[in-house]
Amino acid sequence: MPDTSPDLPQPTGLRPATLAVTAGRPERVADNPLNEPITMASTYVAGGEVEYGRYGNPTWAAFEEALGALEGGRCLSFATGLSAVATILDLVGAGGRVVAPRHSYTGTVMQLADLEARGRLEAVLVDITDTDEVVAACADAALVWLESPTNPALEVADIPTIRAAAHDAGAYVVVDNTFATPVLQQPLTDGVDLVVHSATKYLSGHSDVLLGAVVTNDDELYGVLKQRRDLVGAVPGTLEAWLALRGLRTLHLRVERAQANARELAGRLEGHPAVGEVRYPGSGGIVSIVLAQGAMAADLLTRKTSLWVHTTSLGGVESTFERRRRWKAEAATIPDALVRLSVGIEDVEDLWADLERALDALT
Ligand SMILES: *Cc1c(COP(=O)(O)O)cnc(C)c1O
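Residues numbered from 1 in each chain as written. Predicted model: local features only at pLDDT ≥ 70, side-chain atom pairs only at ≥ 80, totals over all residues. Heavy atoms only, no water.

1. Digging into the overall build of the protein
Part 1 of the argument: The helix and strand tally for the protein stands at 12 helices and 12 strands.
Part 2 of the argument: For 363 residues, the compact-globule formula gives about 21 Å, and the C-alpha radius of gyration of the protein, at 21 Å, lands near that figure.
Part 3 of the argument: Principal axes of the C-alpha set define a box for the protein whose edges measure 70 × 50 × 35 Å.
Part 4 of the argument: Out of the 363 residues in the protein, the part that is buried amounts to 50%.
Part 5 of the argument: A separation threshold of at least 6 residues defines the contact pool for the protein, and within that pool the share at least 24 residues apart is 67%. (Helix = DSSP H or I, 4+ residues; strand = E, 2+ residues; numbered from the N terminus. Rg over C-alpha atoms; globule rule 2.2 N^0.38 Å. Buried < 20%, exposed > 50% of the residue type's maximum accessible area, 1.4 Å probe, protein only. Contact = heavy atoms within 4.5 Å.)

2. Focus on the domain arrangement of the protein
Part 1 of the argument: According to the domain assignment, the protein contains domain 1 (16-248) and domain 2 (251-362).
Part 2 of the argument: The C-alpha centroid of domain 2 is placed 27 Å from the C-alpha centroid of domain 1.
Part 3 of the argument: At the junction of the two partners, domain 1 supplies 28 residues and domain 2 supplies 27 residues.
Part 4 of the argument: Summed over both sides, the interface between domain 1 and domain 2 buries roughly 2300 Å², with carbon and sulfur atoms accounting for 66% of that surface.
Part 5 of the argument: On the domain 1 side of the contact with domain 2, Pro 152, Leu 154 and Tyr 202 bury the most area, a combined 29% of that side's loss.
Part 6 of the argument: One can count zero salt bridges joining domain 1 with domain 2.
Part 7 of the argument: Where domain 1 touches domain 2, the interface holds nine residue pairs in polar contact (both at pLDDT 80 or more).
Part 8 of the argument: Those elements that provide at least two residues to the side of domain 1 that touches domain 2 are helix 1 (16-22), helix 4 (106-117), helix 7 (181-184) and helix 9 (238-248).
Part 9 of the argument: Among the elements that make up the side of domain 1 that touches domain 2, the one with the highest residue count is helix 7 (four residues).
Part 10 of the argument: Per-class residue counts for the side of domain 1 that touches domain 2 are 17 nonpolar, nine polar and two charged. (Domains from an automatic or database assignment. Buried area = accessible area lost by both parts, 1.4 Å probe. Salt bridge = Lys/Arg side-chain N within 4 Å of Asp/Glu carboxyl O. Polar contact = N/O pair within 3.5 Å; in protein donor to acceptor, adjacent residues only side chain to side chain. Nonpolar A, V, L, I, M, F, W, Y, C, P; charged D, E, K, R; others polar.)

3. Some points on the site of the ligand
Part 1 of the argument: Neighbouring residues of the ligand: 13 residues in total, closest Leu 82, Asp 176, Ser 198, Thr 200 and Lys 201.
Part 2 of the argument: Gly 81 is positioned with one of its backbone polar atoms (N or O) 2.9 Å from an oxygen atom of the ligand.
Part 3 of the argument: The separation between an oxygen atom of the ligand and a polar side-chain atom of Thr 200 is 2.6 Å.
Part 4 of the argument: Looking at the shell around the ligand residue by residue, the class counts come to four nonpolar, six polar and three charged. (Near = heavy atom within 4 Å.)

4. A closer look at the UniProt feature "modified residue: N6-(pyridoxal phosphate)lysine" (unreviewed entry) in the protein
Part 1 of the argument: According to UniProt, the positions carrying the feature "modified residue: N6-(pyridoxal phosphate)lysine" (unreviewed entry) are Lys 201.
Part 2 of the argument: Here Lys 201 is to be found in the loop between strand 6 (194-198) and strand 7 (212-216).
Part 3 of the argument: Those residues in contact with Lys 201 that sit more than four places away from it in its chain are Tyr 105, Thr 178, Ser 313, Leu 314 and Gly 315. (UniProt positions renumbered as here; feature names shortened; annotations may be inferred.)

5. Examining the sheet that holds strand 11 (residues 320-323)
Part 1 of the argument: With mixed pairing, the five strands of this open sheet are ordered in space as 8-9-12-11-10. Bordering the open sheet on either side are strand 8 (275-279) and strand 10 (309-310), each of which pairs with just one other strand.
Part 2 of the argument: Bridge count for strand 10 against strand 11 is two bridges, and the pairing is parallel. Within the sheet, the bridge partner assigned to His 310 lies in strand 11 and is Phe 321. (Pairing = 2+ DSSP bridges.)

Take a look at the structure:
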């Protein structure tokens, strides 16, 4: 943390690049380490605030402080993104209505379908780009789930308009901010109640960690979610939190570079005859393409590159891609020949040369 001695000027309104580097550090005291150490502890000496390893850990707390500063709220870390999603969906009372994008992350849609099948809630899946449809669906909702941009369709929601309609209906509003990251979008400033992350992706950024997080500036919601997290034990591993915090220190640099590469590649892909459609929302590091010659061409592409790795997941320093419909759980409204590209931070000319060679081989 910045030095908070009373005789020093106290900076306010720090920008994301500064917060990513400075937030969540140990106190500036002689011989303290600059970085939060990995505290491996299942139990603590009685009489304090933590007591047991399921209720807290200084390494998680440092990660939570840093992500909380970036999103503008209080952060709770979770074992995975999906355990954070499940803990939020558990806020919905019996039979409550949840509105969500039909192209939300598959795991989120699967959780909603499972809860609905067991009579726990009613899920209403909408086209998130059709703001009128979404606003109409918000009436009687208990919770409105937004993901913007969506994975992998890359649709963008009108967050302020939907947020207002949802609040008029008395619903909580959640934004899954995994794709944009707080470098590009801070939904709490639009008045949403909860931001959720798969910290597995950009926040950690090196394809070596599973972690989730929720951020809110509603103290009551924070308390309820912490109690549920601790009750079910959906807590992160200490090493995971430490690696995520280490990754977070370069978040802004990685996102900026991935975005610059993605913009350049999206433009070049538009001009390639093997590519029927390019979906790029104008920001971020994810580009989806639909191969002109169908699913077989898409599968072939994923086997013809030497730099681009065929793999699921996204948001790492390395460029990866995947035909999403190879998963049975992916929405049938996602084109069969859609390949989602997670653009990394390599040199864009090398990335393009590799991709172009493989695309040329298809035509
Ligand atoms: C990966 C992902 C999740 C799930 O996170 P895990 O860490 O894999 O559990 C949720 N939302 C989005 C947008 C994702 O990409």
